[in-house]
Amino acid sequence: MRIIFMGTPDFSVPTLKSLVEAGHEVAAVVTQPDKPKGRGKAVQMTPVKEQALEYGIPVYQPLKVRDPAFVETVRQLAADVIVVVAFGQLIPKSILDMPKYGCVNIHASLLPKYRGAAPIQWAVIDGERESGITTMMMAEGLDTGDMLEKTVVVLDEKETGGSLHDKLSLAGGKLILSTLQKLENGTAVPTPQTGEGTCYAKRLTKELGDVDWSAPAVSIERLIRGLNPWPSAYTSWNGKTVKLWAADVLEGGEAAARPGQVVKSDKHSLLVQTGDGILSVRELQMEGKKRMDIESFLRGYPVPEGAVFERRMTNS
């Protein structure tokens, strides 16, 4: 099939590779404009652009895909289908209706659950046992188009937002080939979405990681995993920000201890009281320092029993 591919971040790259390696003709890649990143603010290409250039595929980076001149460019490319994976802009009806087989989106959840910007991380934060990929026909609403195919991915006990991202990225690259084949041979069965069981996976913010120690230990541990590697869960100790990267949940607790209070601190463990249960912190990072396991951290920053971790409650 002759394809226009629209995508931007790392998550999109395996799908582009899958399409090319399967022998499809990727006529063009559309991605977000390059942006300055890092301390030096050097302009960096998007991951999808880097991959497209390696393949020698023409790249377009419109500020707005609804711009009439770009819409006409898409029309002239005469694609059979447009494949969209984490592109980053809403696509207008004028483009959605253009290809013979429409626009197919790869969404990182088992729709209709987890529509929105961050379905991967919220599946971990909410304690879901499985997630997956849904291919769907794109419509004007947000993730509301008819579903085509699904593939299920079971979450590991210690799944993080980062590890699930990688699993779903690869799963999407495989599923799209099946979906396109069914569209081409007429065996695809579009299934309309209902509103039942729908969750909105709101965009992640740094403020979301500010740990509320009055929450149950189970919820805090899932938050830590879901926000790993970005934007990360964090707390405050002695006026400094401490990022939390891994933890275990222990039952019980100290009746006299307040949420956030350290109830045990020795060479090998740091146990913190929560609103329900104990959180055993396993990996953390002091402000301006590298990530450390708990033994290394406590050697450099001995946290005494009775110390209290608190919310930052900042807007930074």
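The rules behind the values
Residues numbered from 1 in each chain as written. Predicted model: local features only at pLDDT ≥ 70, side-chain atom pairs only at ≥ 80, totals over all residues. Heavy atoms only, no water. UniProt positions renumbered as here; feature names shortened; annotations may be inferred. Helix = DSSP H or I, 4+ residues; strand = E, 2+ residues; numbered from the N terminus. Contact = heavy atoms within 4.5 Å. Buried < 20%, exposed > 50% of the residue type's maximum accessible area, 1.4 Å probe, protein only. Axes fitted to C-alpha atoms, helices over the stretch in contact; angles between N-to-C directions. Parallel < 35°, antiparallel > 145°, perpendicular 65-115°, else oblique. Left-handed = near helix turned anticlockwise from the far one by under 90°. Nonpolar A, V, L, I, M, F, W, Y, C, P; charged D, E, K, R; others polar. Pairing = 2+ DSSP bridges. Phe/Tyr/Trp six-rings, centres within 6.5 Å; stacked < 30°, edge-to-face > 60°. Expected span 1.5 Å × (residues − 1). Domains from an automatic or database assignment. Buried area = accessible area lost by both parts, 1.4 Å probe. Salt bridge = Lys/Arg side-chain N within 4 Å of Asp/Glu carboxyl O. Core = buried A, V, L, I, M, F, W, Y, C linked by side-chain atoms within 4.5 Å.

K.L.:
How would you explain the UniProt feature "binding site: (6S)-5,6,7,8-tetrahydrofolate" (unreviewed entry) in the protein chain if you had to name every residue and give the values?
P.N.:
The positions UniProt marks with the feature "binding site: (6S)-5,6,7,8-tetrahydrofolate" (unreviewed entry) are S109, L110, L111 and P112. Relative to the helices and strands, S109 is located in the loop between β7 (103-107) and β8 (115-116). Apart from residues no more than four positions distant in its own chain, S109 is found in contact with Y114, P119, S131, G132, I133 and T134. For P112, a relative accessible area of 16% puts it in the buried group. When near neighbours in sequence (up to four residues on either side) are disregarded, P112 contacts M147, K150, Q193, T194, E196, G197, T198 and C199.

K.L.:
Describe the UniProt feature "domain: Formyl transferase C-terminal" (unreviewed entry) in the protein chain, and please don't skip the residues or the numbers.
P.N.:
The UniProt record annotates "domain: Formyl transferase C-terminal" (unreviewed entry) at residues 203-301. The span residues 203-301 is 17% helix and 35% strand, and its two end C-alpha atoms sit 34 Å from each other.

K.L.:
Could you give an account of the packing of helix α1 (residues 13-21) against helix α2 (residues 47-55), with specific residues and numbers?
P.N.:
At a closest axis distance of 9 Å, the pairing of α1 and α2 adopts a crossing angle of 20°. Compared by their axis directions, α1 and α2 come out roughly parallel. Crossing hand, α1 versus α2: right-handed. Taken together, the residues of α2 that come into contact with α1 (itself represented by V13, L16, K17, V20 and E21) are P47, V48, Q51, A52 and Y55. When its residues are assigned to classes, the contact of α1 with α2 shows 7 nonpolar, 1 polar and 2 charged.

K.L.:
Please set out the sheet that holds strand β10 (residues 147-154) residue by residue, giving values where relevant.
P.N.:
If you trace the 7 strands from one edge of the open sheet to the other, you get β5-β2-β1-β6-β7-β9-β10, paired in mixed fashion. Whereas interior strands pair on both sides, the edge strands pair on one side only; in this sheet they are β5 (59-60) and β10. Examined bridge by bridge, strand β1 (residues 2-7) and strand β6 (residues 81-85) share 5 bridges and lie parallel to one another. Bridging across to β6, M6 finds its partner in V84. Helix α3 (residues 68-77) contacts β1, β2 (25-30), β5 and β6 of the sheet and is inclined by roughly 145° relative to β1. Against the sheet, helix α6 (residues 161-185) engages β1, β6, β7, β9 (130-137) and β10, with an angle of about 150° to β10.

K.L.:
If you had to explain the packing of aromatic side chains to someone new, which residues and values would you point to?
P.N.:
Evaluation of the coordinates by the stated rule reveals 3 aromatic pairs. Between W213 and F309 the ring centres are 5.9 Å apart and the planes differ by 25°, which places this aromatic pair in the stacked class. Placement of the pair is W213 in the loop between β11 (200-201) and α7 (217-226) and F309 in the segment after α8 (294-300), with a sequence separation of 96 residues. Of the residues examined, F309 reaches a relative accessible area of 5% and is grouped as buried.

K.L.:
So, α6: which residues are in play, and what are the values?
P.N.:
Over its 25 residues, α6 extends 36 Å from the first C-alpha to the last, a length consistent with the 36 Å expected when each residue adds 1.5 Å. Positive backbone phi, approximately 80°, marks G186, located one or two places after α6.

K.L.:
Talk me through the domain arrangement of the protein chain; I want residue IDs and the actual numbers.
P.N.:
Note: interface size is frequently given as the accessible area lost on complex formation between the parts. Segmenting the protein chain into domains produces domain 1 (2-201) and domain 2 (206-308). If you average the C-alpha positions of domain 1 and of domain 2, the two centres end up 36 Å apart. Contacts between the two partners involve 12 residues from domain 1, matched on the other side by 12 residues from domain 2. Both sides of the domain 1 and domain 2 interface together cover about 860 Å² of buried area, and 55% of this is carbon and sulfur. For the pair domain 1 and domain 2, the interface holds 2 salt bridges.

K.L.:
Got a sec to walk through the nonpolar core? Specific residues and values, please.
P.N.:
Grouped together as the largest cluster of nonpolar side chains are 34 residues, with contacts concentrated most on F5, V83 and L180. For this core, the leading source of residues is α6, giving 7 residues. With 33 residues, the next largest nonpolar core counts W213, A217, I224 and A233 among its residues.

K.L.:
I'd like a rundown of the packing of α1 against α6, residues and numbers included.
P.N.:
Taken N-terminus to C-terminus, the directions of α1 and α6 make an angle of 40°; their axes are 7 Å apart at the nearest point. On the basis of their axis angle, the class for α1 and α6 is oblique. Crossing angle aside, the handedness with which α1 passes α6 is right-handed. Contacts between α1 and α6 involve P14, T15, S18 and L19 from the first element and S169, L170, G172, G173, K174, I176, L177 and L180 from the second. Of the residues that constitute the contact of α1 with α6, the class distribution is 6 nonpolar, 5 polar and 1 charged.

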